[in-house]
Amino acid sequence: MNRREFLKTAAGVAVGSMIAMPAVGKGAIKMDASKLPRWRGFNLLEKFNDRHNAPFRESDFEWMAELGFDFARLPLSYRCWADVNDWLNLNEDVLKEIDQAVEFGRKHGVHVNINFHRGPGYCVNPPKEPLDLWSSEEALEACAFHWGHFAERYKGIPNDQVSFDLLNEPARIPEETYVRVVSRLVEAIRAQDPERLIVADGLSWGNVPVHGLAKLGVAQSTRGYAPMQISHYRASWIGGSDKWQEPTWPLKQGDEVVDREWLRKNRIEPWKALEREGVGVHVGEWGAFRHTPHEVVLAWMKDCLELWKEAGWGWAMWNFRGSFGILDSEREDVKYEDFRGHKLDRKMLELVRAY
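These lines cover the structure that appears in this document, whether it is placed above or below. (Residues numbered from 1 in each chain as written. Predicted model: local features only at pLDDT ≥ 70, side-chain atom pairs only at ≥ 80, totals over all residues. Heavy atoms only, no water.)

1. Here we look at helix H4 (residues 137–153)
Basically, it comes down to this: Secondary structure counts use DSSP, requiring at least four H or I residues in a row for a helix and at least two E residues in a row for a strand, with both numbered from the N terminus. For a helix, the expected span equals 1.5 Å multiplied by the residue count minus one. Throughout, exposure labels follow a simple rule: accessible area from a 1.4 Å probe, protein chains only, divided by the maximum for the residue type, with under 20% read as buried, over 50% as exposed, and the rest as partly exposed. Polar contacts here mean pairs of N or O atoms no more than 3.5 Å apart (in protein, one a potential hydrogen donor and the other a potential acceptor; neighbouring residues in sequence count only if both atoms are side-chain atoms).
Compared with an ideal rise of 1.5 Å per residue, which puts 17 residues at 24 Å, H4 spans 24 Å between its outermost C-alpha atoms and is within 8% of the ideal. The buried count for H4 comes to 15 of 17 residues, which makes it a mostly enclosed element. Capping the start of H4, Ser136 holds a side-chain oxygen 3.3 Å from the backbone nitrogen of Glu138, two or three residues further along.

Written out as structure tokens, the structure is:
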């Protein structure tokens, strides 16, 4: 199907092959976007991009619950279940692997937050999409179609088990443009499932609250990567990060000292102002790459965690297993413990579990 045909037919295409889901039970927790639970957990990256596109692991959900966590954010690329040149043809086999992750979450008491890390028309990472979500009506309708499918697919699952996070880290675009796009995606979801809990990332890659979205009744997701000299030191995908001086905490940047109070002023207070408008807040991604000295990471993390606990916000580290996580991070300055055949960073685990 070419793109011109897509615009003519998208509105009339029925979302098929839905899985049967239970209705909201008596034990479901009533919640809305104005005040989120303080969910704490991790991002799981099995469908972060289509080059990987693996099934989710039940052991991740089991171990998170065992270790005291209750939240899994799934950053997904739509290219895992659809072709970039054929947006309406969805791969049911891949979608069933996402269904399986939802079931793993239900089984182990872990909330599943479904996020489009790459939606039709936008991704923070390369490659660039052929059409631009912020300016192309065709891309927007495709993205709305996909979210409508997910909304119908998971209709009936309580919000304490599943929520939607619309688009990962929109860049520095005009607020009115973002509000227009989010409004269309919310409309597509609510046409299928009016009660679904929806989250929108802040602007400027998740760092800036969006007051224009408050009227839509959606929560918002912020980030915990400040300052990037700590979170992304020597990260290969950040140009020039290999030239940064080895970080300390607090961090001196020219004449400015970045410390706990800087975080409070610049990363907490703006979002508390949004919260006062009736918008729930969650920290959807945070953590530090494996090259940052471990003791610096732990000191910085402690200040972040204390501030978020004080604010009443939950969080999700990037990632559970891998270079930001508590398992298999391959840090050179950590003495790991064995955990089910994986390398466990005990100090980091005990720190994050305490908050």
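2. Description of unusual backbone geometry
For the bond from Ala226 to Pro227, the omega torsion is -5°, close enough to zero to count as cis. Positionally, Pro227 belongs in the loop between strand E9 (219–224) and helix H7 (228–231). Pro250 follows Trp249 through a cis peptide bond whose omega is 0°. With respect to the element layout, Pro250 can be found in the loop between H7 and strand E10 (251–253). In this structure, Trp205 is a non-glycine residue whose phi angle is positive, near 65°. Among the secondary structure elements, Trp205 is positioned in helix H6 (residues 203–206). The phi angle at Arg234 is positive, at roughly 60°, despite the residue not being glycine.

3. Describing the packing of aromatic side chains
Stated precisely, the cut-off is as follows: Stacked, tilted and edge-to-face are the three classes applied to pairs of Phe, Tyr and Trp rings, where Trp contributes its six-membered ring and a pair requires centres within 6.5 Å; stacked means planes under 30 degrees apart, edge-to-face means over 60, and tilted covers the rest.
This structure, assessed with the given rule, holds 23 aromatic pairs. Pairing Phe116 with Trp147 gives two aromatic rings, centres 3.9 Å apart and planes at 15°, and the pair type is stacked. Placement of Phe116 in strand E5 (residues 111–119) and of Trp147 in helix H4 is noted, with a sequence separation of 31 residues between them. Centroid distance Phe116 to Phe150: 5.4 Å. Interplanar angle 80°. Geometry classified as edge-to-face. Taken together, the positions of Phe116 in strand E5 and Phe150 in helix H4 put the pair 34 residues apart, joining distant regions of the chain.

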